[in-house]
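Inside the fold
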Amino acid sequence: MADFFASAFWTGFLWPLIIMVAESVLMLVVLLIAIAYILLADRKIWAAVQIRRGPNVVGPWGLFQSFADLLKFVLKEPIIPAGANKGVFLLAPLVSCVLALAAWAVIPTNLGCRCRSTASSWPAGRRTRNTRSWRRCARRRRW
């Protein structure tokens, strides 16, 4: 067993893959929970605008309302129109959610990542005002 963990397959491929999948799942869970509570805040605000009580039934202060709505949506019986293609009709919401969440895949989240190269990596003749301003901005933010 110790030979497997010392192998190139484990250290070069499998372990980094496990780390990437775990980080992706963690990012997805955090993102979905944040969206659920932003949706709750939106409902509370619109309830205040309409001078009525907001969602306050599920959990303390309505904190689990979004999760109850998700459970209701998952357990609801699908009604498929007679003229619709069943496969497309059922897969369309899944495709739209996957594409919306896939947009987060290109956003760098590593603590040490930079969005652009530093000015020292540019050729000597290509230093422009834009490069200098980026370098100044990067020093200030300490990305």
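This write-up is about the structure you can find in this document.

Each value, and the rule that gives it
- Residues numbered from 1 in each chain as written.
- Predicted model: local features only at pLDDT ≥ 70, side-chain atom pairs only at ≥ 80, totals over all residues.
- Heavy atoms only, no water.
- Axes fitted to C-alpha atoms, helices over the stretch in contact; angles between N-to-C directions.
- Helix = DSSP H or I, 4+ residues; strand = E, 2+ residues; numbered from the N terminus.
- Parallel < 35°, antiparallel > 145°, perpendicular 65-115°, else oblique.
- Contact = heavy atoms within 4.5 Å.
- Nonpolar A, V, L, I, M, F, W, Y, C, P; charged D, E, K, R; others polar.
- Buried < 20%, exposed > 50% of the residue type's maximum accessible area, 1.4 Å probe, protein only.
- 1 Å grid on protein atoms, 1.4 Å probe; cavity = no way out; pocket = protein on both sides within 12 Å on 5 of 7 lines; lining within 4 Å.
- Points joined across faces, edges and corners; volume = space filled by probe spheres on them.
- Expected span 1.5 Å × (residues − 1).
- Bend = angle between axes of the 7 residues up to and from the residue.
- Phe/Tyr/Trp six-rings, centres within 6.5 Å; stacked < 30°, edge-to-face > 60°.

Two quantities define a packed helix pair, namely the angle between the axes and the distance from one axis to the other. One way to put it is that helix α2 (residues 8–49) packs onto helix α3 (residues 65–75) with a least axis distance of 8 Å and a crossing angle of 105°. Taken together, the axes of α2 and α3 lie roughly perpendicular to each other. From α2, Ile 33, Ala 36, Tyr 37, Leu 39, Leu 40 and Arg 43 reach across to α3, where they touch Gln 65, Ser 66, Phe 67 and Asp 69. Here the contact of α2 with α3 is built from residues that sort into six nonpolar, two polar and two charged.

What follows concerns the environment of Gln 65. Here Gln 65 lies in helix α3. Expressed as a C-alpha distance, the spacing of Gln 65 and Leu 39, which sit 26 residues apart in the sequence, is 9.5 Å. Residue contacts for Gln 65: discarding those within four places in its chain leaves Leu 40, Arg 43, Pro 55, Val 57 and Val 58.

Turning to its location among the elements, Phe 67 is positioned in helix α3. Since its relative accessible area comes to 33%, Phe 67 is described here as partly exposed.

Space inside the largest pocket adds up to approximately 850 Å³. Lining the largest pocket are 21 residues, with Leu 70, Phe 73, Val 74, Pro 93 and Cys 97 positioned closest to its centre. Counting only elements with at least two residues in the lining of the largest pocket, the list comes to α2, α3 and α4 (86–102). Element by element, the count of residues in the lining of the largest pocket is highest for α4, at seven residues. Within the lining of the largest pocket, the residues separate by chemical class into 18 nonpolar, one polar and two charged.

As a further point, take α2. For α2, built from 42 residues, the straight-helix expectation of 62 Å at 1.5 Å per residue is met to within 8% by its first-to-last C-alpha distance of 60 Å. Helix geometry: α2 is bent most strongly at Leu 14, by close to 35°, with proline Pro 16 lying one to four residues after it. Looking at α2, one finds that the buried residues are Trp 10, Leu 31, Ala 36, Leu 40 and Ala 47. In the core, the buried residues of α2 are packed alongside α1 (2–6), α3 and α4.

Moving on, we come to the packing of aromatic side chains. The tally for this structure, following the rule as stated, stands at one aromatic pair. Centre to centre, the rings of Tyr 37 and Phe 67 are 6.1 Å apart; their planes meet at 75°, and the pair counts as edge-to-face. Of this pair, Tyr 37 sits in helix α2 while Phe 67 sits in helix α3; the two residues are 30 residues apart in sequence, bridging distant segments of the chain. On the basis of relative accessible area, Tyr 37 is assigned to the partly exposed category, the value being 32%.

Another point: the side chain of Ser 66. Its place among the elements puts Ser 66 in helix α3. The exposure class of Ser 66 is buried, given its relative accessible area of 10%. With residues near it in sequence (within four places) discarded, Ser 66 still touches Ala 36, Leu 39 and Leu 40.

Worth remembering: the numbers are spatial, not functional.
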